[in-house]
Amino acid sequence: MQPDYISYHASCMERKMRMWGEVAELMNDLATAQCHCEYIELEQAGAFSDAVRESAAAGCARRGSRDKKEAFIEWALPRHQQRMNAD
């Protein structure tokens, strides 16, 4: 018997979310690190213009490149949490 779409989708999503959960968590950590890095760069530049933002984004993307992802996350997450708790 063929399951209805809603039931199948719910079951499929549950399996996929378990499978992709670690990836999603890593991407969340990486995105947090990227945003923290960009803000620090903008803050140090003393400007939040589009040109400076683009430059900061490119620099932070290089810092978080594939071979440096773990160290980048370890650097940013504690500092991000400090800022979140301070504001």
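Residues numbered from 1 in each chain as written. Predicted model: local features only at pLDDT ≥ 70, side-chain atom pairs only at ≥ 80, totals over all residues. Heavy atoms only, no water.

Okay, the state of the cysteines next. One pass over the structure, following the stated rule, counts one disulfide. With a sulfur-sulfur separation of 2.0 Å, Cys37 is cross-linked through a disulfide to Cys60. When the S-S torsion is -85°, as for the bridge of Cys37 with Cys60, the disulfide is left-handed. Pair noted here: Cys37 is in helix α1 (residues 5–45) and Cys60 is in helix α2 (residues 50–63), with a separation of 23 residues, a long-range link. With respect to class, Cys37 is no different from Cys60; both count as buried. Here Cys35 stays unpaired: no disulfide links it, and the sulfur of Cys60, its closest cysteine neighbor, is 9.4 Å away. (Disulfide = S-S within 2.5 Å. Helix = DSSP H or I, 4+ residues; strand = E, 2+ residues; numbered from the N terminus. Buried < 20%, exposed > 50% of the residue type's maximum accessible area, 1.4 Å probe, protein only.)

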